[in-house]
Amino acid sequence: MYKEGSVFYQVPRVYGVVEELGKMLYYDPRLSKSGLISCNSCHNLATFGSDRLSLSRGHQWRLGRRNSPTTLNAFLHVAQFWDGREATVESQALQPMINPDEMAMPGEDALISILNSIPVYRSLFIEGFPGEEPVNIENLGRAIGAFERTMVTPAPVHAYLRGEKRALSPEQHNGLHDFISVGCAICHLGETLGGRTYAQFLPAKDLKKNGGNDKGRYEFTGDPADKYFFKVPSLLNVVHTFPYFHDGSVWDLDEAIRLIAFSQLDMELTTDQISSIRIFMDALSGEVPQWAREIPVLPAADTMLIPDLH
């Protein structure tokens, strides 16, 4: 589970110009049509990279279809979004900006115009991406992706996996045993405890609410075998990233544990088992890097940017 050279090994990180640029872009609402919504709006780093809403609000307060997953450690996942339709955090970062229900920018040209209107951004793109025309859509994604790749949250479980047996309390160690013995580790595997595979899952509340209209990966791949398959979420920081599941239908972690065990493992866990596993999950939380949480002072534009609220 633990690999030598793991990103979860706590070492000093050096932030360069691209990471600094990506951080400002992550927090900048001017990359939305209204001038109100930034990446941080739905992936708030003050609340562990999520917005703690069942479904996020986008342009004109439109309601999204799926719960916004945390951006913490996301670059380590097999793919991005619940359906895995983007391979990297770099390509994922661009999609909400042009989604009409999210940040609603009319297209890539509009994004480039915004970036070029801000002299500091243009200078940072030139410095960070030497080339003929550094202010382009690919580099926008690369910059935000570079920032997101700094969002690593080493937790007690990672110290335990390195051989520090006292990193877990006796109660957490017992919870780890229960987590493995009932079968949770079959899907929630690796250092991220998830984010590496897909599983078929349709919460009862989702089915009741919309008749199973969200068909998961099938909507992306068109393969009937992918109906109702979603990426298995990482459990890192899970005690902080409620509500749970792709539809954000469950707010209580104990209930989420009970429901997933019944749905995926066909098991009715006892109250003691649920409590034990829940205690283990406390050991999966780390600290959001302080540098990432410090909101930057955003640079001024050389022309007045008038938000389009419609």
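Note that the structure is predicted; figures quoted are calculated from it, not measured.

> I tried to follow the packing of helix α1 (residues 17-27) against helix α5 (residues 119-128) on my own but got confused; where do I start?
Packed helices, taken two at a time, are described by the angle their axes make and the gap between the axes. α5 packs onto α1 with a crossing angle of 145° between their chain directions and a minimal axis gap of 9 Å. Between α1 and α5 lies a crossing whose hand is left-handed. Counted together, Val-17, Val-18, Leu-21, Met-24 and Leu-25 of α1 and Tyr-121, Leu-124, Phe-125, Glu-127 and Gly-128 of α5 form the full contact between these two elements.

> Even after reading the chapter, I still don't get the nonpolar core, so can you show me in this structure?
Considering soluble globular proteins, one finds that nonpolar side chains tend to be buried as a cluster. Leu-25, Leu-31, Leu-45, Leu-115 and Leu-140 are the most contacted members of the largest nonpolar core, which totals 37 residues. At the level of secondary structure, the elements contributing two or more residues to this core comprise α1, α3 (89-98), α4 (108-116), α5, α6 (137-148) and α13 (290-293). By size, the runner-up hydrophobic cluster in this structure holds 34 residues, among which are Phe-8, Leu-253, Ala-256 and Ala-283.

> Help me understand the pattern of salt bridges, please; the structure alone is not making it clear to me.
Pairs can form between side chains of opposite charge once their charged atoms are near each other. Inspection of the entire model under this criterion finds 13 salt bridges. For Asp-214, the salt bridge goes to Arg-66, with nearest N and O atoms at 2.8 Å. Of this pair, Asp-214 sits in the loop between α9 (204-210) and α10 (218-221) while Arg-66 sits in the loop between α2 (39-42) and α3; the two residues are 148 residues apart in sequence, bridging distant segments of the chain. Close ionic contact of Arg-66 with Glu-219 constitutes a salt bridge, the shortest N to O distance being 3.7 Å. Placement of Arg-66 in the loop between α2 and α3 and of Glu-219 in helix α10 is noted, with a sequence separation of 153 residues between them. The network of salt bridges with common partners includes Arg-65, Arg-66, Asp-83, Arg-85, Asp-214 and Glu-219.

> How should I be thinking about the environment of Pro-96 in this particular structure?
Looking at the element boundaries, Pro-96 is found in helix α3. According to the relative accessible area criterion, Pro-96 is buried, its value standing at 13%. In this structure the C-alpha to C-alpha distance between Pro-96 and Gly-163, which are 67 residues apart in sequence, comes to 40 Å. Among all residues touching Pro-96, those that are not within four sequence positions of it are Glu-102, Met-103 and Ala-104.

> Would you mind going over the packing of aromatic side chains with me for this structure?
Geometry of an aromatic ring pair is reported as the spacing of the ring centres plus the angle between the planes. Tallied over the entire structure, the rule returns 8 aromatic pairs. Relative to Trp-291, the ring of Tyr-15 has its centre 3.8 Å away and its plane inclined at 10°; by these criteria the two rings are stacked. Here Tyr-15, found in the segment before α1, pairs with Trp-291, found in helix α13; they are 276 residues apart in sequence, far enough to count as distant. Classification of Tyr-15 by relative accessible area gives partly exposed; the value is 28%.

> Just checking my understanding: could you explain the packing of helix α11 (residues 253-265) against helix α12 (residues 271-281) for this structure?
The interhelical angle for the contact between α11 and α12, taken along N-to-C directions, is 115°, at an axis separation of 10 Å. Where α11 crosses over α12, the handedness of that crossing is right-handed. Between α11 and α12, the residues in contact are Leu-253, Asp-254, Ile-257 and Arg-258 and Ile-274, Ile-277, Arg-278 and Met-281, respectively. Tallied by class, the residues present in the contact of α11 with α12 amount to 5 nonpolar, no polar and 3 charged.

> Is there a simple way to explain the side chain of Ser-234 in this structure?
Along the chain, the position of Ser-234 falls in the loop between β2 (229-231) and α11. Of the polar contacts made by the side chain of Ser-234, one reaches the backbone nitrogen of Leu-236; its length is 3.2 Å.

> It is not clear to me how unusual backbone geometry should be interpreted in this structure. Could you clarify?
It is generally the case that most residues other than glycine have a negative phi and that most peptide bonds are trans. Following Phe-242, the chain continues into Pro-243 via a peptide bond in cis, with omega recorded as -5°. The topology assignment puts Pro-243 in the loop between β2 and α11. Even without being glycine, Leu-193 reaches a positive phi, approximately 50°. With respect to the secondary-structure elements, Leu-193 resides in the loop between α8 (170-181) and β1 (198-200). The phi torsion at Asp-266 lies on the positive side, around 55°, for a residue other than glycine. As for its position among the elements, Asp-266 is in the loop between α11 and α12.

> Hey, could you run me through the state of the cysteines in this one?
Cysteine pairs can be linked by a disulfide, which is a covalent bond between their two sulfur atoms. Enumeration according to the criterion identifies 0 disulfides in this entry. Here Cys-42 is not disulfide-linked; the sulfur of Cys-39 is the nearest cysteine sulfur, at 9.0 Å. The class of Cys-42 is buried, set by a relative accessible area of 15%. Among the cysteines around Cys-187, which has no disulfide bond, Cys-184 carries the closest sulfur, lying 9.2 Å off. With relative accessibility at 27%, the residue Cys-187 sits in the partly exposed group.

Rules used throughout
- Residues numbered from 1 in each chain as written.
- Predicted model: local features only at pLDDT ≥ 70, side-chain atom pairs only at ≥ 80, totals over all residues.
- Heavy atoms only, no water.
- Axes fitted to C-alpha atoms, helices over the stretch in contact; angles between N-to-C directions.
- Helix = DSSP H or I, 4+ residues; strand = E, 2+ residues; numbered from the N terminus.
- Left-handed = near helix turned anticlockwise from the far one by under 90°.
- Contact = heavy atoms within 4.5 Å.
- Core = buried A, V, L, I, M, F, W, Y, C linked by side-chain atoms within 4.5 Å.
- Buried < 20%, exposed > 50% of the residue type's maximum accessible area, 1.4 Å probe, protein only.
- Salt bridge = Lys/Arg side-chain N within 4 Å of Asp/Glu carboxyl O.
- Phe/Tyr/Trp six-rings, centres within 6.5 Å; stacked < 30°, edge-to-face > 60°.
- Nonpolar A, V, L, I, M, F, W, Y, C, P; charged D, E, K, R; others polar.
- Polar contact = N/O pair within 3.5 Å; in protein donor to acceptor, adjacent residues only side chain to side chain.
- Disulfide = S-S within 2.5 Å.

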